[in-house]
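Chain residues, written in single-letter form:
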Amino acid sequence: MTSTAAAPDHPWLLPGALTEAAGHPRRTTRDWIIDSLCFLIALVWVLLSAADAASPEPSYALNTGPSWLEEVDAVCGLAAAAGLWVRRRWPVGLAVATLPLSAFSVTASGALLIIIFTLTVHRPIPLAAGVTGVHLLTAFGYYQLRPDPTLAFWPAMIWTVLVLVAVLAWGMFVRARRQLVVSLRERAERAEAEQQLRVAQARQLERTRIAREMHDVLAHRISLLSLHAGALEFRPDAPPAEVARAAGVIRGSAHAALQDLREVIGVLRAETGAGQEPERPQPTLADLPALVEESRVAGVRVSVRDLVGAAERLPAAVGRSVYRIVQEGLTNARKHAAGAAVTVDVAGAPGDGLTVEIRNRWPVGGVTDPEIPGAGTGLVGIAERVHLAGGRLEYGRDDTGDFRLAAWLPWPA
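Everything numeric in this text was worked out from a predicted model, so none of it was measured.

A. Looking closely at helix H8 (residues 288-297). Among the residues of H8, those classed as buried are Leu288, Leu291, Val292 and Ser295. Taken down its axis, H8 places every buried residue within 95° of arc, on the same side. Once H8 ends, the next one or two residues include Gly299, with phi positive near 100°.

B. Layout of the side chain of Thr118. One can find Thr118 in helix H4 (residues 109-122). A polar contact is formed between the side chain of Thr118 and the backbone oxygen of Ile114, at a distance of 2.9 Å. Setting aside residues no more than four positions away along its own chain, Thr118 makes contact with Arg87, Arg88 and Pro91.

C. Region of the structure containing the nonpolar core. Of all hydrophobic cores here, the largest spans 29 residues; its most connected members are Ile325, Val326 and Val346. Only H8, strand S1 (302-308), helix H9 (316-336), strand S2 (342-349), strand S3 (353-360), helix H10 (378-388) and strand S5 (403-409) provide two or more residues apiece to this core. In terms of residue count, H9 provides more of this core than any other element does, 7 residues in total. If we skip the residues at most four places from it in the chain, Val326 touches Leu288, Leu291, Val344, Val356 and Ile358.

D. Up close: the sheet that holds S5. Strand order in the open sheet formed by 5 strands is S1-S2-S3-S5-S4, and the pairing between neighbours is mixed. The outermost strands of the open sheet, each flanked by one partner alone, are S1 and strand S4 (392-397). Taken over all neighbouring pairs, the strand axes of this sheet differ in orientation by 5° on average, direction set aside. In terms of strand pairing, S1 meets S2 through 7 bridges, oriented parallel.

E. Region of interest: the pattern of salt bridges. One pass over the structure, following the stated rule, counts 10 salt bridges. Put simply, Asp31 and Arg30 hold a salt bridge, and the shortest N to O gap is 3.3 Å. With a shortest N-O distance of 3.2 Å, Glu394 and Arg404 are connected by a salt bridge. Taken together, the residues Glu394 in strand S4 and Arg404 in strand S5 connect sequence positions 10 residues apart. Each of the salt bridges in this network shares a partner with another, and the network as a whole consists of Arg30, Asp31, Asp35, Arg87 and Arg88.

F. The arrangement of unusual backbone geometry in detail. For Ala310, which is not glycine, the phi torsion reads 55° and is therefore positive. We classify Ala310 as partly exposed; its relative accessible area is 26%.

G. The arrangement of the pairing of S4 in detail. Two elements, S4 and S5, share 6 bridges in a ladder whose sense is antiparallel. Within S5, the residue paired with Leu393 across the bridge is Ala407. Counting the residues in the hairpin turn of S4 and S5 gives 5 residues, including Gly401, whose phi is positive at 95°.

H. Examining the packing of H9 against H10 more closely. Here H9 crosses H10 at 160°, and the two axes come no closer than 10 Å. Comparing their axes, H10 and H9 come out roughly antiparallel. Pair H9 / H10 crosses with left-handed handedness. Here Arg320, Ser321, Arg324, Ile325, Glu328 and Asn332 of H9 lie close against H10, whose contacting residues are Gly378, Leu379, Ile382, Arg385 and Val386. Residues of the contact of H9 with H10, tallied by class, amount to 4 nonpolar, 3 polar and 4 charged.

I. Inspection of the environment of Ala53 at higher detail. Summarising the element assignment, Ala53 is placed in helix H1 (residues 29-54). Expressed as a C-alpha distance, the spacing of Ala53 and Glu71, which sit 18 residues apart in the sequence, is 9.6 Å.

J. Up close: H1. Between its first and last C-alpha, H1 extends 37 Å over 26 residues, near the 38 Å set by a 1.5 Å rise per residue. Those residues of H1 lying buried are Asp31, Asp35, Cys38, Ala42, Val46, Ser49, Asp52 and Ala53.

Calculation criteria
- Residues numbered from 1 in each chain as written.
- Predicted model: local features only at pLDDT ≥ 70, side-chain atom pairs only at ≥ 80, totals over all residues.
- Heavy atoms only, no water.
- Buried < 20%, exposed > 50% of the residue type's maximum accessible area, 1.4 Å probe, protein only.
- Helix = DSSP H or I, 4+ residues; strand = E, 2+ residues; numbered from the N terminus.
- Arc of directions from axis to C-beta.
- Polar contact = N/O pair within 3.5 Å; in protein donor to acceptor, adjacent residues only side chain to side chain.
- Contact = heavy atoms within 4.5 Å.
- Core = buried A, V, L, I, M, F, W, Y, C linked by side-chain atoms within 4.5 Å.
- Pairing = 2+ DSSP bridges.
- Axes fitted to C-alpha atoms, helices over the stretch in contact; angles between N-to-C directions.
- Salt bridge = Lys/Arg side-chain N within 4 Å of Asp/Glu carboxyl O.
- Parallel < 35°, antiparallel > 145°, perpendicular 65-115°, else oblique.
- Left-handed = near helix turned anticlockwise from the far one by under 90°.
- Nonpolar A, V, L, I, M, F, W, Y, C, P; charged D, E, K, R; others polar.
- Expected span 1.5 Å × (residues − 1).

This is the structure we're talking about:
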């Protein structure tokens, strides 16, 4: 089964961290746009700060300090802005490498805030908070080297703390949202995989059940064919009418076997949802007389005692199980006890359950290898069928020496 998960309508709008790429995801179109904007913002801040510091009357109060610091500050600001292109792949390394800049650089402050935000988004919160705390500690040295003439030391520190906390909180929000999206996507993929597994298991169970039906049906048909063919072989001088009747029964049984095989294999080959599945035979308790009559025509002496009350209320699944049990019992009797009389007893009522018993005399001289080959799994399949229906199955020789196949199936009131 192919996956039914729909791809996003605009994957280029997703960040690379939410794509399916393993390892280091490649930048999406959105990432390129965001990275370009971040670089331009940091570069513009560097140019404005440097130009203002070089003017005769600087407007930024923070542009104070030694004169040689202006050139160094501008170079550091450009380096920090250029480092933004690798912030997604090495956020921790970039944050540590730019840590000294927060102690003296004005031009790098815009890039530093973007780097702290990126670190918070892409790495665990404790690590991001620790690096942010170290950046905050360097602010003490910054205000000692470049004091703000309009704000006292502690108000300036409080303002710096508020800015860093806001950036940290924003990054935590973005990270939490991305983790939620990834979690929902993994949950959806896991639910889809589990659904596919359940469908595959249901299909396998259904095909196993159909294969069991095929065994029951074909074993019955082929055993009838063998009996009639054996009769013709034993009496080659039989009257033409009798030979014609036996040949007609063989032809009819072969046609029915091929029809059953065609229907069952058609179901096995059918794909889910691929048109209309062919109907396979679903016998019930009402088809039991026809099953017994087929065995009688084949020369088996079968007596039936039907004591089922309110048979019209019997669930179809229970009736089908009874049919298969009797079918397996008659097939085994023909294969292993040829010529023995068979008795079939069916009794039950709603609320009491339904019992079915097939009994035949043990063949004189013991059971020999049957002329009709078999897989030896007929009774195993019947036992599984009865167990799944919540019933009980017994088979084997009883105290009288007869072979007995008996089952009890629940019949709800």
